[in-house]
Protein chains: 4
Amino acid sequence: MGSSFGTALRVSVFGQSHSAAIGCVVEGLPSGLAVDQDALARFMARRAPGGASWSTPRKEADAVRIVSGLNPVGQTCGAPLACLIENTNTRSGDYDELRRIPRPGHADLTAQAKWHGAQDVAGGGHFSGRLTAPLCAAGGIALQVLASHGVRVAAHLDEVAGIEDLHLCARKGNADQLTAQMDILADRPFPTICPDAEERMVAAIEEARAEGDSVGGVIECVATGLPAGLGEPLFDGIESAIARIAFGVPAVKGLEFGAGFAAARLRGSQNNDPYGLDEAGNVVPLKNDAGGNLGGISTGAPVVFRMAVKPTPSIAREQRSVDLVAGTEATLAVRGRHDPCIAPRAVPVAEAVMALALLDCWLMSGTL
Amino acid sequence: MGSSFGTALRVSVFGQSHSAAIGCVVEGLPSGLAVDQDALARFMARRAPGGASWSTPRKEADAVRIVSGLNPVGQTCGAPLACLIENTNTRSGDYDELRRIPRPGHADLTAQAKWHGAQDVAGGGHFSGRLTAPLCAAGGIALQVLASHGVRVAAHLDEVAGIEDLHLCARKGNADQLTAQMDILADRPFPTICPDAEERMVAAIEEARAEGDSVGGVIECVATGLPAGLGEPLFDGIESAIARIAFGVPAVKGLEFGAGFAAARLRGSQNNDPYGLDEAGNVVPLKNDAGGNLGGISTGAPVVFRMAVKPTPSIAREQRSVDLVAGTEATLAVRGRHDPCIAPRAVPVAEAVMALALLDCWLMSGTL
Amino acid sequence: MGSSFGTALRVSVFGQSHSAAIGCVVEGLPSGLAVDQDALARFMARRAPGGASWSTPRKEADAVRIVSGLNPVGQTCGAPLACLIENTNTRSGDYDELRRIPRPGHADLTAQAKWHGAQDVAGGGHFSGRLTAPLCAAGGIALQVLASHGVRVAAHLDEVAGIEDLHLCARKGNADQLTAQMDILADRPFPTICPDAEERMVAAIEEARAEGDSVGGVIECVATGLPAGLGEPLFDGIESAIARIAFGVPAVKGLEFGAGFAAARLRGSQNNDPYGLDEAGNVVPLKNDAGGNLGGISTGAPVVFRMAVKPTPSIAREQRSVDLVAGTEATLAVRGRHDPCIAPRAVPVAEAVMALALLDCWLMSGTL
Amino acid sequence: MGSSFGTALRVSVFGQSHSAAIGCVVEGLPSGLAVDQDALARFMARRAPGGASWSTPRKEADAVRIVSGLNPVGQTCGAPLACLIENTNTRSGDYDELRRIPRPGHADLTAQAKWHGAQDVAGGGHFSGRLTAPLCAAGGIALQVLASHGVRVAAHLDEVAGIEDLHLCARKGNADQLTAQMDILADRPFPTICPDAEERMVAAIEEARAEGDSVGGVIECVATGLPAGLGEPLFDGIESAIARIAFGVPAVKGLEFGAGFAAARLRGSQNNDPYGLDEAGNVVPLKNDAGGNLGGISTGAPVVFRMAVKPTPSIAREQRSVDLVAGTEATLAVRGRHDPCIAPRAVPVAEAVMALALLDCWLMSGTL
C-alpha cells in the first residue's frame, strides 16, 4: 500500500514533512545484532541538511530514537524495530498558497487528485524528500547487519550537472582497485572519488543556486561480499527488489544495473561476462557487466547500480502554474530553504536502498 | 516469492522452458469483462517466435487456453483467471552439458548456486525468456480491461544496435501527434515508427547473426488516457510498480521514466513541467518530462518509460566458461535456434508490463 | 512477518511490554476522516488497566499520540497514520529469573527457542497483552471510519468462569432487539448485557484471585450495518480476515462464527438461513446462523463471532517449571500485578479486531 | 486477494466447480524434494467423491497433473509447482434457476452481490467445495516435505451429528498413545479411530439422507514432530496461519486450538501446561492444553486443532428462498448428487490446511 515494502524484511515508513514526527518500523531483522547507535547517527548525518554551500541552510539533527525492537543490552530482540525522528525544525508557515497554486515538479497536484484536498501540503507532506530520513534509519541498521556478514556498501556522485566523477571499477572484476575506491569514499566529506570532481560539481551547484535554479545528478552504488545464489526468480530478483525501493525515493527517474543502457549498444560477445577460476579455484565471472546478478540471482560479483536524480523541483525562478481556486493561469516562485542539488544528500539514501533490498533477498533465501 | 507480483491485481507466473506447460493465474480482475480471445491471440502472436529473419527459426503457437475465471458467456467471473500454454515444441535434447558448463550471460550458474543442482536447466528453466509468454497472456487481458476504460498502450523499438527510431512524442504534450504515432505502430509488423529504422535495424541484426553474435536494444512504451491520482505514495507508485515487473523480464538492465537519465543533466527550470489550462479549462502539465507521474501518482499525462534490453546471451561464438565437474576452464559455443536480437519480441512484453502495473495501481486506488 | 497484517488496510504493531514506547502504523485509511481523539481516548480507556476489583492494580494512561497521518485540521490525510504510546509505568525490575525459569502458559520458552536469548523477556516482551493497546488504537480509528458509513460494532462478555450473560440476538434476525442490546452495552461500565451476570462474574473473578488463580471467558462480538458483497473469496473472506487477527491476540484459543460449533450438531434444514423479503422488498436472510457471511462474503446481516479467552497464565500459585541454567526442575510463583481475568479488558480488543478486519475487506472491495 | 495465501510458501488456488480445469500454483517449495506422485494420488483419493453410502454418487478421478515445478527426475526444481485437475465429470445442466433463486446456506446470493451477475453460478462456481481438491494437491505435497523432516499429520472425525469418536490424546502429553492412534487412522477407510463410531456416524448420515437432509461434524487434526520456535509473533503465529486457511475452506464455522473453548472454563492453574524434563533432559511441557504453541510459536508438542463443519447446505428438502427476477418469495429443493455429510471428505482437507500452514511457518523461520 505504498509506504511499506519488503517480504522477509518488512519496512514501513511514516510521516509528513511537517508532522510531529517521522519514522519507520522494521520487521524481520535477525535477532541478536548489537545495534551501533553512534554509527547509525553518523550515517544519518550524511543525509541530514548541513549548511554546506551545496546544501540547504536548514539544519535538522535527525536524531533517531529507537523506541522498540532492542533488548536491554541493545541487541535486536526479534520484535519489530521502530525508529522515531521528531520534527523539531518545522515552519508554521502559510501553506494555503501551496494548496492553491501547485508547484511544478512536485506531487502537490497529484496528491490533490488522489486525496481530494485532505492531503497535508506542508513541505510536500508524505511526498517530501524528508521521508528519506526514516528510510536511511532502516537502511543504516540493514547496513550493520550486512557488515556483520562481510558485505560492504558504498556510493558516490557519478555525475552532477554533467560533470563526471571517476567511475567505480565494479564492472571490471578488479576487486583490489574497487576496495581502494571504497576506502577513499569512506573518508570523503563530499561523496566523490576524485577531489577535482568535487570542486567542479560544487561550483556548478553554486552557479545554479545563484541563478535561482537547480541541477541533478547520477549516483553509482556498489555492494561487495554478497554470496552467490541470493534473490528470487523473476519479480523478486535483486534488480526488482532494488528497483521498487529506488523508484520510491523522490526525484529518482532512472535506474540501471551493470552495463545498463550501454548494454543495449554492445554485442552479446562483449556484454556476456565469461567465467573463469580464481586463485582458490572458485568459479567467478571474469568481468561484471551484469552488475552482480543474472536472472535476478546474485553471482557473487559486486552488485552495482546507477540511479538518476532529477534537479530539485523547488527553484526560486518564476514558473508557470495554475490558481486552482480562481481557475486561472498563475506564476509561482518557490520560496524557502532548498537544496540546489539534492544528489549529494541522496548518496547515503542509495546505500540504504541497496542494503534494504539485499538484506530482504538474503532473508528470503533463508540462508542468513 | 519471486514468480508472482501485484497487490490488488495479483499475477502468478509458472513454468519452465521445457516443462509440460507454462501459464499464469491472475487474481483481482474486475468481473464482467468480455474477454476477446482473438485479440489476445493476436497480441500473443506479436511475442511468439515467427521465423522472420530477425527472429529464431523455432515456431511456437503459444495458444492460450483459459481454464478458469470466465463464466459461460466468456466474461471474467471474479474468480482467478488461469491461462495454460502447452509446451508443444520442446526438444528432448541433452542438457548435461548445460549443467556442466554454464553459459555466460544466462542464469545457469546462479540457479545452481540457489537450487544446488535440482534446478531445471533445460532451455534456462524458469529463467527462460519463454516465461514472458504467460506474462503477455496476463498483460493482454489487462490491456483489454484498460482499453475498456479508455487507456491505450503502445511500444516500439526506440533503438537497436545503436540505430534509433523516431522517438515517441510522449514528453512534448502534443496529444494528436502521439495518437498518430500510436496509430502507425498498430499497423506495423516490425515495431518501429519509421520504416527506414526497420530496414537498418534488421540489417544490423542479420549482420550480428552472420557473425555468430547478437545485439541489444531499447524499448520505449507509452500509455495514454489514464486518469490523474492513481498510484500509491512512495514504494507502490506507478514507477515502482512498473520497475518491479520490468526488471523481472529477462535481459532488461535499465529503466527510465520521462526525461530519465537525461533529467540529471537538466536544470530544474528545464525539467519541471509547468502547469496550464487546456481548452476545457482542466489543469494539465504543458509538457511531460515527468513521464506522466509525480511522486509516483499519475498526472493524467501519458506514462512513458524506456527499458534497455541486453544482447541475447546465447551466441554461436566461442566463449570462455568453466567445466564445473572437471574443475577446469572450458570453452562453449551455444548451439540451437536463438534470436540474434530479443528486443523486437520484447516490445509486446513492455506493453504487458505497463498494462499490468497500471491496472494494479488503478485497482489499488479503488476507483475502477 | 508476524506483527503486521491486512491487505488494503495495513496495520503494523510494534513494541514490547517494557520498551520505551509501543505503537502502530496504519496504512490505507481513507483520507478526509476527522479523527475524534476524545472518542479514541474513551475507547482506549475501556482496555486500559483501571484498578477495578476484577482488574490489575497497575494503572496506565495509554495516551495515544498520533505523530503522523493527519492534516493540520485533524483529518486523515492519506499518509500512514502512526500512533505512539509511551510506556510510562514500567518496572525496572529483575527479569533474569524470567529468562531462567520460563512461566507456564506464557511465550517465555518459545521466544527463547525462536530468538536464542536475544528476546526481550521483560513483561513478556513483544508477546505481552500490552500489545493489544496499539491494536486498539488502530481499531478505534477503524471503528470511527466504519461508524461514518453506518456500521456499528459491539461486544460483551458472553461467559466468564462458566457464568453466562444473555446472548446477543444477532443470529435471530431481530434487528430492533439487537439494537436495544447494543444500546445497553454502550452504557455499561462492565461489559455484560445483564447486571446480574456482572455481579456473578465479578464474584467468580475475585474468588479466583483470592485463591491465587485466574479464570477465562468467552467474548461475543457483532457488527451491524455492513453492506452485502464484502470479503474476497476463499482465504480473504470475512471469517479468514477476522480469524487471522483474532488468533494474534494473546490468550485467544477458539473462534466461531454464527452458529459455530453448534452448527456441527444441526441438520442442514435447521442451519441454513432461508431467504425472504423485508418490508422494503429487499432480499434478506430470515435468520442469521451463518453469522453474516456465506462463502466469506457478507450477506448484509450482522457479522457475529465468539472468541474464547484462556485464563490469565500469570498466577500467584506455585507452578512446576524448569531452571534452564541449572538444567533442573523448579517451581515458580508469578509475582506482580496481574489481571485474574483478562476477558473484560479483551472486550474492546474484540471490537478492534472486528473493525480492522471489516474495514480491510471493505477497502479491498473498492466500494468504500 | 482471496484465492491465494501464504508468505514464504505461497499457494494460489484457481477454478470453478464446472470450469475446464481447477488447480493451484505453489511457490516457495524447497528444491530437491522427490515428489511421490502415487502417494499424492492416494491422498487425493481420500477427498474424492467415491460413491460410498455416506458420500455423493458422483465420481471424480481428481487426477493431478503437475505441469511445472519438477525437474526431469521428478524433484522440485525451485520454480513454482503448478497442478492441474481437469474437470471431466461436469454437468452441462441448466443453471438459470440457480441465478434466479439463490440456495440458502450457499454463496449464490453473496456472489451476486459481489460480482453483479458475472459470477459463475454452476455448482457454486469458485465457492464450490470442489476447490478443496487443488488445496489438497498443494497440501499433499506439503505433507511430503514435512514428512521428509519428521513431521507427521493426521486427522479424524471427532464428531458427526453429535456422535463422538475417541478423542486424540494430543493434549495429554502421551506420545506413544498418540502415535498408536495415528497408526490406526492410517489404515482406516472411514476416518474414525473407533470402528463403532464409524458405524453410528454412517447410520446417522444415511438417516439424514433418507429424510432429504444433511448433518455436520467436527474434525480434529494433529501434527507431531515439529521443532520448537516456529511461527512469527502476533498475526503470523501458527494459530493465525492455520486459521486463515481453515476459514477459507467452505463450510468451516469454528476453530479451536488445544483446550480451545473449554479453556474459557478452566482456572489458570488447570489450563497452564507446566514444564518438566524428558528422559533426554530436554525441557518439555508436561501436558499440551496449549495445542503445541504459545504466543503463536511452536513448543515442540503436537499442534492440535478442532474445526467445525456445518451440515451440507444442499438438501433435497424444500426451503424458503426468493425469486430474484420476479421479486417474490419462492421455494426451492436442491436437486442433484450431494454429500449428506461433507465432514468425512473434509478430513484430508484439514490435514492439508495443517501442512500448508506449518510449512509456511517453517520456511518463514529460515530454518528448513
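Residues numbered from 1 in each chain as written. Chains lettered and ligands numbered in written order. Predicted model: local features only at pLDDT ≥ 70, side-chain atom pairs only at ≥ 80, totals over all residues. Heavy atoms only, no water.

A. Spatial organisation of the overall build of chain A. The secondary structure content of chain A amounts to nine helices and 16 strands. For 368 residues, the compact-globule estimate of 2.2 N^0.38 gives 21 Å, and chain A sits close to it at 21 Å. Counting only C-alpha atoms and orienting by the principal axes, one finds that chain A spans roughly 70 × 50 × 35 Å. A fraction of 71% describes how many contacts in chain A between residues 6 or more apart in sequence connect residues 24 or more apart. Counting every atom, chain A has about 11,700 Å² of accessible surface; 50% of that belongs to carbon and sulfur. Each charge class in chain A was averaged separately, 31 positive and 40 negative side chains, and the resulting centres sit 5 Å apart. (Helix = DSSP H or I, 4+ residues; strand = E, 2+ residues; numbered from the N terminus. Rg over C-alpha atoms; globule rule 2.2 N^0.38 Å. Contact = heavy atoms within 4.5 Å. Areas by Shrake-Rupley, 256 points an atom, 1.4 Å probe, with all protein chains shown as cover. Lys, Arg positive; Asp, Glu negative; His and termini not counted. Charge placed at Lys NZ, Arg CZ, Asp CG, Glu CD.)

B. Spatial organisation of the relation of the copies chain B and chain A. Aligned on chain A, chain B shows an RMSD of 0.0 Å; the corresponding rotation is 180 degrees and the shift along the axis is 0.0 Å. The two molecules are tied by a two-fold rotation axis, judged by turn and shift. (Least-squares fit on C-alpha atoms with pLDDT ≥ 70 in both.)

C. Spatial organisation of the packing of aromatic side chains. Per the stated rule, a full pass over the model turns up 18 aromatic pairs over all chains. The interplanar angle of 85 degrees and the centroid separation of 5.1 Å between the aromatic rings of F257 of chain C and F247 of chain D together place this pair among those described as edge-to-face. Note that F257 of chain C is positioned in strand β9 (residues 252-257) and F247 of chain D in the loop between α7 (238-246) and β9 (252-257), a pairing that runs across two chains. Look at F247 of chain D and you get buried, because its relative accessible area is 5%. The interplanar angle of 35 degrees and the centroid separation of 5.8 Å between the aromatic rings of W115 of chain D and F127 of chain D together place this pair among those described as tilted. One end of the pair, W115 of chain D, is in helix α3 (residues 108-115); the other, F127 of chain D, is in the loop between α3 and α4 (132-147), and twelve residues separate them in sequence. We note that W115 of chain D, like F127 of chain D, is buried. (Phe/Tyr/Trp six-rings, centres within 6.5 Å; stacked < 30°, edge-to-face > 60°. Buried < 20%, exposed > 50% of the residue type's maximum accessible area, 1.4 Å probe, protein only.)

D. Here's a closer look at the interface of chain C and chain A. Between chain C and chain A, the residue contacts involve 40 residues of the former and 40 residues of the latter. With both sides pooled, the region where chain C packs onto chain A buries about 2,900 Å², and carbon together with sulfur makes up 57% of that total. By the criterion of area lost to chain A, the three top residues of chain C are M1, E27 and A118 of chain C, representing 18% of everything that side buries. Here R65 of chain C ties to E86 of chain A by a salt bridge, and the two come within 2.8 Å at their closest N and O atoms. Counting every contact that joins chain C to chain A gives 16 residue pairs in polar contact (both at pLDDT 80 or more). Sorting the residues of the side of chain C that touches chain A by element identifies β2 (10-14), β3 (21-27), β4 (65-68) and β5 (81-86) of chain C as the ones contributing at least two each. (Buried area = accessible area lost by both parts, 1.4 Å probe. Salt bridge = Lys/Arg side-chain N within 4 Å of Asp/Glu carboxyl O. Polar contact = N/O pair within 3.5 Å; in protein donor to acceptor, adjacent residues only side chain to side chain.)

E. Focus on the pattern of salt bridges. This structure, assessed with the given rule, holds 100 salt bridges over all chains. Ionic pairing is found between E351 of chain A and R46 of chain A, a salt bridge with its closest N-O pair at 2.9 Å. One end of the pair, E351 of chain A, is in helix α9 (residues 343-365); the other, R46 of chain A, is in helix α1 (residues 37-47), and 305 residues separate them in sequence. Look at E351 of chain A and you get buried, because its relative accessible area is 4%. Taken together, the salt bridges that share partners define one network made up of D158, E159, E164, E256 and R306 of chain A together with R265 of chain B.

F. Representation of the interface of chain B and chain A in the model. Opposite the 100 residues of chain B that make contact, chain A presents 100 residues. For the chain B and chain A pair, buried surface summed over both sides reaches about 7,800 Å², with 62% attributable to carbon and sulfur atoms. In terms of surface lost to chain A, no three residues of chain B exceed F235, K253 and Y275 of chain B, which account for 11% of the buried area on that side. Where chain B meets chain A, there are 14 salt bridges. Ionic pairing is found between E239 of chain B and K253 of chain A, a salt bridge with its closest N-O pair at 2.6 Å.

G. A look at helix α4 (residues 132-147) of chain B. A rise of 1.5 Å per residue sets the reference length of α4 of chain B, with its 16 residues, at 22 Å; its end C-alpha atoms lie 21 Å apart and thus fit the reference within 8%. In terms of burial, α4 of chain B is a largely internal element, 15 of the 16 residues being buried. (Expected span 1.5 Å × (residues − 1).)

H. Highlighting the side chain of R306 of chain A. Residues and elements named next belong to chain A. Structurally, the position occupied by R306 is in strand β14 (residues 303-309). What makes R306 buried here is its relative accessible area of 16%. At 2.9 Å, the side chain of R306 and the side chain of D158 are in polar contact. Here E256 takes part through its side chain, which lies 2.5 Å from a polar atom of the side chain of R306.

I. Focus on the confidence of the model for chain A. The share of residues in chain A with pLDDT of 70 or more is 96%, and the mean pLDDT across the chain is 94. Both scores are available for the predicted complex, with the pTM at 0.97 and the ipTM at 0.97. (pLDDT = per-residue confidence, 0-100.)

J. Representation of the environment of R65 of chain D in the model. Residue placement: R65 of chain D occurs in strand β4 (residues 65-68). In this view, R65 of chain D contacts A20, L84 and E86 of chain B together with A82, C83 and L84 of chain D; residues no more than four positions away in its chain are not counted.

K. Here's a closer look at the relation of the copies chain C and chain A. When chain C is fitted to chain A, the best match, at an RMSD of 0.0 Å, comes from turning it 180 degrees and sliding it 0.0 Å along the axis. Both copies share a contact surface, since 100% of the interface residues of chain C are interface residues in chain A too.

L. Layout of the sheet that holds β3 of chain C. All names here are of chain C. One open sheet holds the five strands; their spatial order is β1-β2-β3-β5-β4, and the pairing between them is antiparallel. Single-partner strands in this sheet number two, and they are β1 (4-5) and β4. Direction of pairing for β1 relative to β2: antiparallel, over a ladder of two bridges. For S4, the partnering residue across the bridge sits in β2 and is S12. (Pairing = 2+ DSSP bridges.)

M. Broad picture of the sheet that holds strand β3 (residues 21-27) of chain D. Residues and elements named next belong to chain D. Taken in spatial order, the five strands of this open sheet run β1-β2-β3-β5-β4, and their pairing is antiparallel. Across the chains shown, the open sheet's two edge strands, defined by having one partner strand only, are β1 (4-5) and β4. Two elements, β3 and strand β5 (residues 81-86), share six bridges in a ladder whose sense is antiparallel. Its bridge partner lying in β5, I22 is registered against I85. The strands touched by α4 are β1, β2 (10-14), β3, β4 and β5; relative to β3, the strand with the most contacts, the crossing angle is about 35 degrees. (Axes fitted to C-alpha atoms, helices over the stretch in contact; angles between N-to-C directions.)

N. Fine view of the packing of α4 of chain D against helix α9 (residues 343-365) of chain D. Residues and elements named next belong to chain D. In contact at an axis separation of 8 Å, α4 and α9 are set at 55 degrees when each is read in the N-to-C sense. Our classification of the angle between α4 and α9 gives oblique. Between α4 and α9 lies a crossing of left-handed hand. Listed contacts from α9 to T132, L135, C136, A138, G139, A142, L143, V145 and L146 of α4 are P348, V349, E351, A352, V353, A355, L356, L358, L359 and W362. Tallied by class, residues from the contact of α4 with α9 come to 16 nonpolar, two polar and one charged. (Parallel < 35°, antiparallel > 145°, perpendicular 65-115°, else oblique. Left-handed = near helix turned anticlockwise from the far one by under 90°. Nonpolar A, V, L, I, M, F, W, Y, C, P; charged D, E, K, R; others polar.)

O. Structural detail: the packing of helix α1 (residues 37-47) of chain B against α4 of chain B. Residues and elements named next belong to chain B. One can describe the packing of α1 onto α4 by two numbers: an axis separation of 9 Å at closest approach and a directional angle of 140 degrees. Compared by their axis directions, α1 and α4 come out oblique. Crossing of α1 over α4 shows right-handed handedness. Contacts from A39, L40, F43, M44 and R47 of α1 reach α4 at T132, A133, C136, A137, G139, G140, I141, L143 and Q144. Looking at the contact of α1 with α4 residue by residue, the class counts come to nine nonpolar, four polar and one charged.

P. Representation of unusual backbone geometry in the model. Phi at H116 of chain B takes a positive value of approximately 55 degrees, unusual for a residue other than glycine. In this fold, H116 of chain B is placed in the loop between α3 (108-115) and α4.

Q. Local environment of helix α6 (residues 195-210) of chain A. Residues and elements named next belong to chain A. Look at α6: 23 Å from first C-alpha to last across 16 residues, which is about the 22 Å you get at 1.5 Å a residue. Looking at α6, one finds that the buried residues are A197, M201, V202, A204, I205 and A208. Projected onto a plane normal to the axis of α6, the buried residues spread over an arc of 160 degrees and lie on a single side. Those residues of α6 that are exposed and aimed more than 90 degrees away from the buried face are P195, E199 and A210. (Arc of directions from axis to C-beta.)

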